[in-house]
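Chain residues, written in single-letter form:
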Amino acid sequence: MNGHALAESIGAVGIFTAITVLIWQVAATWRAKVLAPREGRYQKLAETSAAIQEHTELQLREITLLLEDMRVRVVALERILKEVE
C-alpha cells in the first residue's frame, strides 16, 4: 500500500466517523426535543400527585381526630350506661 492509498483510507475513515458523529448528535437533539414535552407532563403529574397526597394527609388527620373524639364519647357513654345498670 503506497502513501497515497493510505491517506485516502484514513480520510475515508475520518469522513465516515464525522458523518456518524453528526448523525448521532442530530438524533440525540431530536430525541431531546421529542422527550421535553413528555418530561414537562411528568413534572406536572408529579406536582399534582404531591398536592393530592398532601390534601389526603390533611383529611386523614382530621378523620383521626374525629374518630378519637368519638372513641372518647363512646367510652364516656359506656361508663354512664354501666352506672345506670
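If you're wondering where the values come from, they're calculated on a predicted model, not measured in any experiment.

1. Quick word on the overall build of the protein
- Broken down by element type, the protein carries one helix and zero strands.
- Over its C-alpha atoms the protein spans a radius of gyration of 36 Å, topping by over 25% the 12 Å that the globule rule assigns to 85 residues.
- Each principal axis of the C-alpha distribution contributes one length, and for the protein these read about 115 × 25 × 10 Å.
- Counting every position in the protein, which comprises 85 residues, the buried fraction comes to 0%.
- Working note: accessible area of the protein is about 8,100 Å², and carbon and sulfur atoms make up 68% of it.

2. Side note on the pattern of salt bridges
- Applying the stated criterion across every chain yields a total of three salt bridges.
- With a closest N to O distance of 2.5 Å, Arg-61 and Glu-57 form a salt bridge. Placement of both Arg-61 and Glu-57 in helix α1 (residues 3-84) is noted, with a separation of four residues, approximately one turn of the helix.
- The class for Glu-57 is partly exposed, based on a relative accessible area of 40%.
- Glu-68 is the partner of Arg-71 in a salt bridge, and the nearest nitrogen-oxygen pair spans 2.8 Å. Of this pair, Arg-71 and Glu-68 both sit in helix α1, three residues apart, roughly one helical turn.

3. Focus on the environment of Val-13
- Relative to the helices and strands, Val-13 is located in helix α1.
- When the C-alpha positions of Val-13 and Thr-64 are compared, they lie 72 Å apart, and in sequence the two are 51 residues distant.

4. Some details on a nonpolar patch on the surface
- Among the surface-exposed residues, Ile-15, Phe-16, Ile-19 and Ile-23 lie close enough to one another that they form a single nonpolar patch of about 430 Å² accessible area.
- Along the chain, Ile-19 falls in helix α1.
- On the basis of relative accessible area, Ile-19 is assigned to the partly exposed category, the value being 41%.

5. Observations concerning the environment of Lys-44
- Of note, Lys-44 is situated in helix α1.
- For the pair Lys-44 and Gly-11, spaced 33 residues apart in sequence, the C-alpha separation works out to 49 Å.

Rules used in this analysis
Residues numbered from 1 in each chain as written. Predicted model: local features only at pLDDT ≥ 70, side-chain atom pairs only at ≥ 80, totals over all residues. Heavy atoms only, no water. Helix = DSSP H or I, 4+ residues; strand = E, 2+ residues; numbered from the N terminus. Rg over C-alpha atoms; globule rule 2.2 N^0.38 Å. Buried < 20%, exposed > 50% of the residue type's maximum accessible area, 1.4 Å probe, protein only. Areas by Shrake-Rupley, 256 points an atom, 1.4 Å probe, with all protein chains shown as cover. Salt bridge = Lys/Arg side-chain N within 4 Å of Asp/Glu carboxyl O. Patch = residues over 30% accessible without salt bridge, like charges linked within 9 Å, V, L, I, M, F, W, Y side chains within 5 Å.

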